[in-house]
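Analysis of the macromolecular model
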Amino acid sequence: MCGELLVQGSKNAALPMLAAMLLAEGVYILHHCPQITDVDHMLELLTDAGCLTRREGHMLIVDTRGADRCSLKGSGAGKMRAGVTLLGSMLGRMHAVEIPYPGGCTIGKRPIDLHLKALGQMGAVFEHREHTLSGYAEKLHGADISLDFPSVGATENILMAATLAEGRTVIRGAAREPEIAALAGFLQKMGAHIEGTGTSVIRVEGVERLHAAEYIVPSDRIVAGTYLLGAVMTGGEIRLLHVPTAHLGILPRILTELGAEVFLKEEQDEIAVKMERRTRAIPYLATAPFPDFPTDLQSALMAALSMAAGPSFLEEKIFEARFQIVPELRRMGARIYEEDSLAVIEGEARLRGAQVEARELRGGAALIMAALAAEGKTVISGMEFVKRGYEDIQGDLKKLGIVLH
């Protein structure tokens, strides 16, 4: 891999912003919005609620003035996890919501009990039906909420609901991911009063009314990380543009530990890596909430470590089914052993082409990176998963000097 690339807009930032649009009537404009299937599914749900949507390249225009339906029957919510963020926005403005149970990647149970418990503290009542979740709140009120785990989705739902709730809401143990700050920035442009984003305690003063806004979606830190790890695996040199380096957490340090030279230009939002040596092993690393190593990059890191000079240990502490890539990497020659949440990567592998299957979004992208470093031809099925979060991975790689067939 060699070249420079402008990184696409963030999936995990754009989706909650789209959900937040239901909090107020008006015409919204999102710039740098990724053209991915998860965004398409969310737009399907907004249309089902009565919104009008139009895309002009990477600019998305959403008119919510006709949104008056709180029961969404479309299949969009059942196709992705982010549909659950509609709970906070619809309860905030319409005081009622009915959606299919959220779907998405098969990477674990991912329960939504934290969402329901927190919104319940704010006055919402939920009813579980077969394949459907419905909620009602005559009037939301502020609450002092302590999350047992810094869930990104739960933090987003509480944020949205709190903007129109009566009084003050305090979220303790809040998620600190950059996508939370992006959503808060969007809500503030809409007129919300929010303090403390980027910390574990967020405070929201409810307001009577919000208004439509225009916003720029930040670049996708996970897409950036995927390509940076791909450069490590292929001995490449790449420069990624429009990537806020603060959003990368400890990733630059991990890239250095792997043996890459890392160049950061924080003021220009740029990161570059150059790999001229063999990949080094990492004795132990566990996934954890931001700013630590993200679970969404664990599969790509595992692929890189399979080629490292020596053994590495990876522990998955976020999702219990994040090792679905292991049998596929084994088909390519990797020596990886897993038990429960721990994976032992022996390293020293010379990856070879094989027929493999993408079983979820991030694992599918990691398989593509592994295929770039493998000898011979690799055929990957299940690319529909990858399209959920990567706008044009084939086009991106072409700009980085690699042509896929």
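Only a predicted model underlies this, so the values are computations on that prediction, with no experimental measurement involved. (Residues numbered from 1 in each chain as written. Predicted model: local features only at pLDDT ≥ 70, side-chain atom pairs only at ≥ 80, totals over all residues. Heavy atoms only, no water.)

Turning our eyes to something else, we now look at the overall build of the protein. Counting its regular elements, the protein contains 14 helices and 21 strands. Taking 22 Å as the expected radius of gyration for a compact globule of 405 residues, we find that the protein reaches 21 Å, a close match to that expectation. Principal-axis analysis of the C-alpha atoms gives the protein an extent of 60 × 40 × 35 Å. The buried share of the protein, taken over its 405 residues, is 58%. (Helix = DSSP H or I, 4+ residues; strand = E, 2+ residues; numbered from the N terminus. Rg over C-alpha atoms; globule rule 2.2 N^0.38 Å. Buried < 20%, exposed > 50% of the residue type's maximum accessible area, 1.4 Å probe, protein only.)

A few words now on the nonpolar core. By size, the foremost hydrophobic cluster in this structure holds 74 residues, and its most contacted members are Leu-18, Leu-30, Met-122, Phe-186 and Leu-187. Contact partners of Leu-30, with chain neighbours within four places excluded, come to Ala-14, Met-17, Leu-18, Met-21, His-58, Met-59, Leu-60, Phe-186, Tyr-215 and Val-217. The next biggest cluster of nonpolar side chains, apart from the first, holds 69 residues, and it includes Val-7, Leu-305, Ala-308 and Ala-334. (Core = buried A, V, L, I, M, F, W, Y, C linked by side-chain atoms within 4.5 Å. Contact = heavy atoms within 4.5 Å.)

An order of S8-S9-S11-S10 is seen for the four strands of this open sheet, with the pairing classed as mixed. Both edges of this open sheet fall to strand S8 (144-146) and strand S10 (193-195), since each of them pairs with a single strand only. Geometrically, the sheet is characterised by an average inter-axis angle of 15 degrees between neighbouring strands, direction not taken into account. (Pairing = 2+ DSSP bridges. Axes fitted to C-alpha atoms, helices over the stretch in contact; angles between N-to-C directions.)

The subject of this paragraph is the pattern of salt bridges. Tallied over the entire structure, the rule returns 20 salt bridges. We note a salt bridge from Glu-328 to Arg-359, for which the minimum N-O separation is 2.8 Å. Pair noted here: Glu-328 is in helix H11 (residues 326-331) and Arg-359 is in the loop between strand S20 (355-357) and helix H12 (361-373), with a separation of 31 residues, a long-range link. Residue classification places Glu-328 among the buried residues on the basis of a relative accessible area of 2%. Residues participating in the shared-partner salt-bridge network are Lys-11, Asp-38 and Arg-388. (Salt bridge = Lys/Arg side-chain N within 4 Å of Asp/Glu carboxyl O.)

Cis rather than trans, the peptide bond between Phe-290 and Pro-291 has omega equal to 15 degrees. As for its placement among the helices and strands, Pro-291 is situated in the loop between strand S16 (285-286) and helix H10 (298-305). Unlike most non-glycine residues, His-242 shows phi in positive territory, near 60 degrees. Assignment of secondary structure puts His-242 in the loop between strand S13 (237-241) and helix H9 (251-257). The partly exposed category is assigned to His-242, whose relative accessible area is 33%. The backbone of Asp-340 shows a phi angle near 55 degrees, a positive value even though the residue is not glycine. Looking at the element boundaries, Asp-340 is found in the loop between strand S18 (336-339) and strand S19 (342-345).

Averaged over all residues, the pLDDT of the protein equals 93, while 95% of them reach at least 70. Taken as a whole, residues 104-108 scores under 50 in pLDDT and shows 21 contacts with residues more than four places along the chain or in a different chain. (pLDDT = per-residue confidence, 0-100.)

Turning to the environment of Phe-263, a few remarks are in order. By the element assignment, Phe-263 lies in strand S14 (residues 261-265). The partly exposed category is assigned to Phe-263, whose relative accessible area is 43%. Between the alpha carbons of Phe-263 and Asp-148 there is a distance of 37 Å; along the sequence they are 115 residues apart. When neighbours within four sequence positions are excluded, Phe-263 is seen to be in contact with Glu-270, Ile-271, Ala-272 and Lys-274.

Note that S18 and S19 share four bridges and pair antiparallel. Its bridge partner being in S19, Ile-336 is matched across the sheet by Ile-345. Where S18 folds back on S19, the antiparallel hairpin that results is connected by two residues, among which Asp-340 adopts a positive phi of roughly 55 degrees.

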